[in-house]
Amino acid sequence: MSFQTDHVGLNVTDLNKSTEFYTRIFGFTVVAESHDGDRRSAFLAQDEAIVLTLWQQSSGRFDVAGPGLHHLSFQVADLDAVRAAEAVIKEVGAVLHYDGVVPHAEGTPSGGIFFEDPDGIRLEIFAPEGAADLRAPTAGAPSCGFF
């Protein structure tokens, strides 16, 4: 038997705000929405395949100290795509960690950006190559728990 992640479902506090964030940053399209009383949801797709579902059924902020999701990571083709996403993240005013693009470790070719959605859910957009010459976050850098 073989398994592959189909889509990820996230609890959010404001469906409209989160839908706008994910469609703007990632270019996802809304393929379905559901309204069941106070519970609302949106199904977001890329190339017609559902990637993410957002469920408006929570309050507060993402708790990094509790069990569950550490962060959600998305791979892109190259660092140009990472930098394009970084520009949009800055434009929308999302929390961006490490001041931009960093390698996964000193000298490794892969790297990307680490940021938060409107509810504080930690996200990553990375490329498998091109970051080897960049500096990795150090012990003295502000930490968001990614490293």
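Located above this text is the structure these notes cover.
Not measured: the values here are computed from a predicted model.

Caption draft 1: Quick look at the nonpolar core. With 27 residues, the main nonpolar core has Tyr22, Phe26, Phe115 and Leu123 as its most contacted residues. Broken down by element, this core gets its largest block of residues, 5 residues, from helix 1 (residues 15-26).

Caption draft 2: A look at the sheet that holds strand 5 (residues 72-75). Spatial strand order, 5-8-7-6: 4 strands in an open sheet with mixed pairing. Strands at the two margins of the open sheet, each flanked by one partner only, are strand 5 and strand 6 (96-103). Within the sheet, the average angular offset between the axes of one strand and its neighbour, ignoring direction, is 20°. Relative to strand 7 (residues 111-116), strand 6 runs antiparallel, the two sharing 4 bridges.

Caption draft 3: Local environment of the pairing of strand 7. Here strand 7 lies mainly inside the structure; 6 of its 6 residues are buried. Bridge analysis of strand 7 against strand 8 (residues 122-127) gives 6 bridges, and the strand direction is antiparallel. Residue pairing across strands places Gly111 opposite Ala127, the latter belonging to strand 8. From the end of strand 7 to the start of strand 8, which pair antiparallel, there are 5 residues, and Gly120 there has a positive phi angle of about 85°.

Caption draft 4: Seen up close, the sheet that holds strand 1 (residues 8-12). Pairing within the open sheet is mixed, and its 4 strands lie in the order 1-4-3-2. Each edge of the sheet is formed by a strand with only one pairing partner; in this case those strands are strand 1 and strand 2 (29-36). Each neighbouring strand pair of the sheet contributes to a mean axis angle of 20°, computed without reference to strand direction. Pairing analysis gives 7 bridges linking strand 2 to strand 3 (residues 39-46), with the strands arranged antiparallel. Within strand 3, the position partnered with Asp36 by the bridge is Arg39.

Caption draft 5: Structural view of helix 1. If you check helix 1, its first and last C-alpha atoms are 16 Å apart, about what 12 residues at 1.5 Å a residue would give, namely 16 Å. Within helix 1, burial applies to Leu15, Ser18, Thr19, Phe21, Tyr22, Ile25 and Phe26. With its buried residues spanning 160° around the axis, helix 1 presents them on a single face. For helix 1, the exposed residues set more than 90 degrees away from the buried face come down to Asn16, Lys17 and Glu20. Backbone nitrogen of Asn16 and a side-chain oxygen of the N-cap are separated by 3.1 Å at the start of helix 1; the cap is Asp14. Trailing helix 1 by a residue or two, Gly27 shows a phi angle of about 75°, which is positive.

Caption draft 6: Structural detail: helix 2 (residues 79-92). Between its terminal C-alpha atoms helix 2 stretches 20 Å, which fits the 20 Å expected from 14 residues at 1.5 Å a residue. By the burial criterion, the buried members of helix 2 are Leu79, Val82, Ala85, Glu86 and Ile89. One side of helix 2 carries all its buried residues, which in axial view fall inside an arc of 115°. Opposite the buried face of helix 2, by more than 90 degrees, sit the exposed residues Asp80 and Glu91. Elements in contact with the buried residues of helix 2: helix 1, strand 6, strand 7 and strand 8. A side-chain oxygen of the first residue of helix 2 lies 3.1 Å from the backbone nitrogen of Asp80; this N-cap is Asp78. Residue Gly93 follows helix 2 closely and has a positive phi angle near 80°.

Caption draft 7: Broad picture of the packing of helix 1 against helix 2. Look at helix 1 against helix 2: their axes get within 9 Å of each other, and the N-to-C directions meet at 145°. On the side of helix 1, the interface is formed by Phe21, Arg24 and Ile25, while helix 2 contributes Val88, Ile89, Glu91 and Val92. Class assignment of the residues belonging to the contact of helix 1 with helix 2 gives a composition of 5 nonpolar, no polar and 2 charged.

The rules behind the values
Residues numbered from 1 in each chain as written. Predicted model: local features only at pLDDT ≥ 70, side-chain atom pairs only at ≥ 80, totals over all residues. Heavy atoms only, no water. Core = buried A, V, L, I, M, F, W, Y, C linked by side-chain atoms within 4.5 Å. Buried < 20%, exposed > 50% of the residue type's maximum accessible area, 1.4 Å probe, protein only. Helix = DSSP H or I, 4+ residues; strand = E, 2+ residues; numbered from the N terminus. Pairing = 2+ DSSP bridges. Axes fitted to C-alpha atoms, helices over the stretch in contact; angles between N-to-C directions. Expected span 1.5 Å × (residues − 1). Arc of directions from axis to C-beta. Polar contact = N/O pair within 3.5 Å; in protein donor to acceptor, adjacent residues only side chain to side chain. Contact = heavy atoms within 4.5 Å. Nonpolar A, V, L, I, M, F, W, Y, C, P; charged D, E, K, R; others polar.

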